[in-house]
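Examining the three-dimensional arrangement
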Amino acid sequence: AQSVTQPDIHITVSEGASLELRCNYSYGATPYLFWYVQSPGQGLQLLLKYFSGDTLVQGIKGFEAEFKRSQSSFNLRKPSVHWSDAAEYFCADRSGGGSYIPTFGRGTSLIVHP
Amino acid sequence: DVKVTQSSRYLVKRTGEKVFLECVQDMDHENMFWYRQDPGLGLRLIYFSYDVKMKEKGDIPEGYSVSREKKERFSLILESASTNQTSMYLCASSYDRGRGSPLHFGNGTRLTVT
């Protein structure tokens, strides 16, 4: 069965610093990968997705992610974090399973210090 | 933009009550999902539906049922609420079962069972 691992439960950064959130997937075939963000008290919002092509994908809110097949990773990055980026971030893979049910990581909570 | 609306943001119910959580999407999406979200456990899939009157069990269906009589509406039913069902419930939809279809989430219903 496919799995998605987000190794970091919490990440703390200072406002203006760069950010990288880690995500590792397990499915061997072509992955269909997504990053979502959940602001406090809200549902999840799609940040970006990757299926094929250029391994560096751009998303909303200034985020980008890089797919590295050799490392089974799809890490999310932002060059300069804003206080409003404080949220929960989820990585997901929809490549496996009979009905292509998305598998979510457990999430990484981002804390931004002023 | 796709809009997924969950009828209640907060609900407080008593143990043993029958509880209905309603979800409506406005983009003619085929797939609909119910997740529960608990700290440290991420998102866990309760049920999903890929067409009207169709339903499939997810990872944690015990104590829940669902109804999808119309394409736009997917209801989650707690037959006899228990305190261990206190949680955040998230509804989502996707255009179809394709691996590339992202999920669109509602803002969630925080249910407390006392």
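Not measured: the values here are computed from a predicted model.

1. Considerations on the overall build of chain A
Looking only at helices and strands, chain A features zero helices and twelve strands. Along chain A, from the amino end to the carboxyl end, the secondary structure elements read β-β-β-β-β-β-β-β-β-β-β-β. Taken over C-alpha atoms, the radius of gyration comes to 14 Å for chain A, in line with the 13 Å a tight globule of 114 residues would show. Burial status across chain A gives 48% buried among its 114 residues. Across chain A, contacts joining residues at least 24 apart in sequence account for 56% of those joining residues at least 6 apart. Side-chain charges in chain A split into 9 positive and 9 negative, and the spacing between the mean points of these groups amounts to 6 Å.

2. Some words on the packing of aromatic side chains
Tallying each qualifying case throughout the model produces 15 aromatic pairs over all chains. With a centroid separation of 6.2 Å and an interplanar angle of 40°, the aromatic rings of Tyr50 of chain A and Phe74 of chain A are classed as tilted. Of this pair, Tyr50 of chain A sits in strand E6 (residues 44-50) while Phe74 of chain A sits in strand E9 (residues 73-78); the two residues are 24 residues apart in sequence, bridging distant segments of the chain. Neither Tyr50 of chain A nor Phe74 of chain A differs from the other in exposure class; each is buried. Between the aromatic rings of Phe33 of chain B and Tyr35 of chain B, the centroid separation amounts to 6.2 Å while the plane-to-plane angle is 25°, which identifies the pairing as stacked. The exposure class of Phe33 of chain B is buried, given its relative accessible area of 0%.

3. Regarding the nonpolar core
Generally speaking, a soluble globular protein has its nonpolar side chains buried in company with each other. Formed by 25 residues in total, the largest nonpolar core has its most connected members in Trp35, Leu48, Phe74, Leu76 and Tyr89 of chain A. At the level of elements, strand E2 (10-14), strand E3 (19-21), strand E5 (33-38), E6, strand E8 (64-68), E9, strand E10 (87-93) and strand E12 (108-113) of chain A are the ones that each hand at least two residues to this core. One finds Val19, Tyr47, Leu76 and Leu78 of chain B within the second-largest nonpolar core, a separate group that totals 20 residues.

4. Regarding the interface of chain A and chain B
Chain A puts 20 residues into the contact, and the matching count from chain B is 24 residues. Across the chain A to chain B interface the summed buried area is about 1,900 Å²; carbon plus sulfur atoms make up 56%. On the surface where chain A and chain B come into contact, there are zero salt bridges. Summed over the shared surface of chain A and chain B, the result is seven residue pairs in polar contact (both at pLDDT 80 or more). Split into classes, the residues belonging to the side of chain A that touches chain B amount to eleven nonpolar, six polar and three charged.

5. Examining the state of the cysteines
Applying the stated rule across the entire model yields two disulfides over all chains. Put simply, Cys23 of chain A and Cys91 of chain A are joined by a disulfide, and their sulfur atoms are 2.0 Å apart. Classification of the bridge connecting Cys23 of chain A and Cys91 of chain A rests on its S-S torsion, roughly -65°, and on that basis the disulfide is left-handed. Here Cys23 of chain A, found in the loop between E3 and strand E4 (24-25), pairs with Cys91 of chain A, found in strand E10; they are 68 residues apart in sequence, far enough to count as distant. Between the sulfur atoms of Cys23 of chain B and its disulfide mate Cys91 of chain B the distance is 1.9 Å.

The rules we used
- Counting starts from 1 at the beginning of each chain's written sequence and moves along it residue by residue.
- Numbering of ligands from 1 and lettering of chains from A proceed in the order in which they are written.
- Owing to the predicted nature of the model, reporting of local features is limited to residues with pLDDT of at least 70; listing and counting of side-chain atom pairs is limited to 80 or more, with chain, interface and lining totals taken over all residues.
- Note: side-chain values were computed over all heavy atoms of the structure, leaving out hydrogens and water.
- Under the DSSP-based scheme used, a helix requires at least four consecutive residues in state H or I and a strand at least two consecutive residues in state E, with every element numbered from the N terminus.
- Radius of gyration: over C-alpha atoms. The globule rule applied is 2.2 Å multiplied by the number of residues raised to the 0.38 power.
- Per-residue accessibility, obtained with a 1.4 Å probe over protein chains only, is compared with the maximum for each type, and a residue is labelled buried under 20%, exposed over 50%, and partly exposed between these values.
- It only takes one pair of heavy atoms within 4.5 Å for two residues to be counted as in contact.
- Within this scheme the basic residues Lys and Arg register as positive and the acidic residues Asp and Glu register as negative, but His and the chain ends are omitted.
- A charge is said to be at NZ when it belongs to Lys, at CZ for Arg, at CG for Asp and at CD for Glu.
- A pair of aromatic rings is counted whenever rings of Phe, Tyr or Trp (Trp by its six-membered ring) have centres within 6.5 Å, and the orientation is called stacked for planes under 30 degrees apart, edge-to-face for over 60 and tilted otherwise.
- Buried Ala, Val, Leu, Ile, Met, Phe, Trp, Tyr and Cys residues form a nonpolar core when they are joined through side-chain atoms within 4.5 Å.
- Reported buried area values correspond to the accessible surface (1.4 Å probe) lost by two parts on association, with both partners' losses combined.
- Each reported salt bridge corresponds to a side-chain nitrogen of Lys or Arg within 4 Å of a carboxyl oxygen of Asp or Glu.
- In protein, a polar contact requires one atom able to donate a hydrogen and another able to accept it; more generally it is a pair of N or O atoms within 3.5 Å, and residues adjacent in sequence count only if both atoms are side-chain atoms.
- Each residue gets one label: Ala, Val, Leu, Ile, Met, Phe, Trp, Tyr, Cys and Pro are nonpolar, Asp, Glu, Lys and Arg are charged, and the others, such as Gly, are polar.
- Count a disulfide wherever a pair of cysteine sulfur atoms falls within 2.5 Å.

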